[in-house]
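Residues per chain, in single letters:
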Amino acid sequence: MDLPGDPAQRSDRLGPLKSRLAWAGLLAVLTAAVYGGALDTSFHFDDENAVLSHRQVLTGEWDFSLRGVFLGRGLVTNSFIACQRFSEAGSPVLFHAVDLALHAGVTIALFWVLLRWFALSGRVLNDGWAAAGALAYWIHPAVSQGVVYIGQRYERFCTLFFLVSLLCFAAGFGAWRDPAVRRRVLKAATAFAGCVLFAALALGSKENAVTLPVILLLSATVWMRREGVPLWLACA
């Protein structure tokens, strides 16, 4: 496998799409196989306040207002309402199934981010290494507990939107290498708009996303350095 730091392997191109999709599918299957037992776990800890006793969840009041979605964790609360509405009374199975799907989605998004980030940095990252990096996150107790701890769904939503925002930012940055000016501008504008939208959704899911601009700035600095931009200018 090509190590991420091998300077002899420099490219902007990712590996074959079939390979990436196969690895993404494997990550999803592993998530279902390893964490499937969480479906029978009961509500516990802050699940009482976040779900069972939450006023909006009890009354079924959907909140798709701009304030609710982007400032009041509205999307997460709406997901609790949906799970409650389509679940048998007192059953946590659907809640855990959604959290399991979110955990798989976050892991796959991280896999894609690692591939794209290193490609823009001019270094080939083998799909296997990217999957290994995603699995290191996937198995860590600090994040895996979110599958059985329904009250931590805010973290899952925030992390997923955070990573998708970073992917959009990477797509916008890479679009400027397209030789067709009109297509280049359209791609970049669409990608950066997506970056802003998902960043706002991440922040609306949990305030941890306030760190995203720092990650974007550091990433852009690394990518610009690859283009030969002086460090002081890249940082500026």
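Structure's up top.
Thresholds, definitions, all that
Residues numbered from 1 in each chain as written. Predicted model: local features only at pLDDT ≥ 70, side-chain atom pairs only at ≥ 80, totals over all residues. Heavy atoms only, no water. Core = buried A, V, L, I, M, F, W, Y, C linked by side-chain atoms within 4.5 Å. Buried < 20%, exposed > 50% of the residue type's maximum accessible area, 1.4 Å probe, protein only. Contact = heavy atoms within 4.5 Å. Patch = residues over 30% accessible without salt bridge, like charges linked within 9 Å, V, L, I, M, F, W, Y side chains within 5 Å. Areas by Shrake-Rupley, 256 points an atom, 1.4 Å probe, with all protein chains shown as cover. Salt bridge = Lys/Arg side-chain N within 4 Å of Asp/Glu carboxyl O. Helix = DSSP H or I, 4+ residues; strand = E, 2+ residues; numbered from the N terminus. Expected span 1.5 Å × (residues − 1). 1 Å grid on protein atoms, 1.4 Å probe; cavity = no way out; pocket = protein on both sides within 12 Å on 5 of 7 lines; lining within 4 Å. Points joined across faces, edges and corners; volume = space filled by probe spheres on them. Nonpolar A, V, L, I, M, F, W, Y, C, P; charged D, E, K, R; others polar.

Concerning the nonpolar core
- Ranked by size, the top nonpolar core spans 45 residues in total, and within it V51, F80, F95 and F111 carry the most contacts.
- Apart from residues lying up to four places away in sequence, F111 is in contact with R20, W23, A24, L27, D127, A130, A131 and A134.
- Counting five residues, the second largest nonpolar core, distinct from the first, contains Y35, A38, W138 and V147.

Overview of a nonpolar patch on the surface
- On the surface, W176, V181 and V185 cluster together to form a nonpolar patch covering roughly 290 Å² of accessible area.
- Turning to its location among the elements, W176 is positioned in the loop between α9 (153–175) and α10 (181–205).
- Judged by relative accessible area, W176 falls into the partly exposed class, the value being 45%.

Quick word on the side chain of N78
- Positionally, N78 belongs in helix α5 (residues 74–85).
- Its relative accessible area of 4% is what places N78 among the buried residues.
- Those residues in contact with N78 that sit more than four places away from it in its chain are E61, W62, D63 and F64.

Observations regarding α5
- When the terminal C-alpha atoms of α5 are compared, their 16 Å separation across twelve residues agrees well with the 16 Å that a helix rising 1.5 Å per residue should span.
- When we look at burial in α5, the residues that qualify are G74, V76, T77, N78, S79, F80, I81 and C83.
- Contacts from the buried residues of α5 go to α2 (47–52), α3 (55–59), α4 (66–71), α6 (93–120), α9 and α10.

Here's the deal with α9
- The end-to-end C-alpha distance of α9, which contains 23 residues, comes to 33 Å, matching closely the 33 Å that a straight helix rising 1.5 Å per residue would cover.
- Burial analysis of α9 places 18 of its 23 residues in the buried class, which makes it a mostly covered element.

With respect to empty space enclosed by the protein
- Per the counting criterion, the structure on display carries one cavity of 30 Å³ or more.
- The calculated volume of the largest cavity comes to roughly 30 Å³.
- Put simply, the parts of the chain that give the lining of the largest cavity at least two residues each are α6 and α9.
- Of the residues that constitute the lining of the largest cavity, the class distribution is six nonpolar, no polar and one charged.

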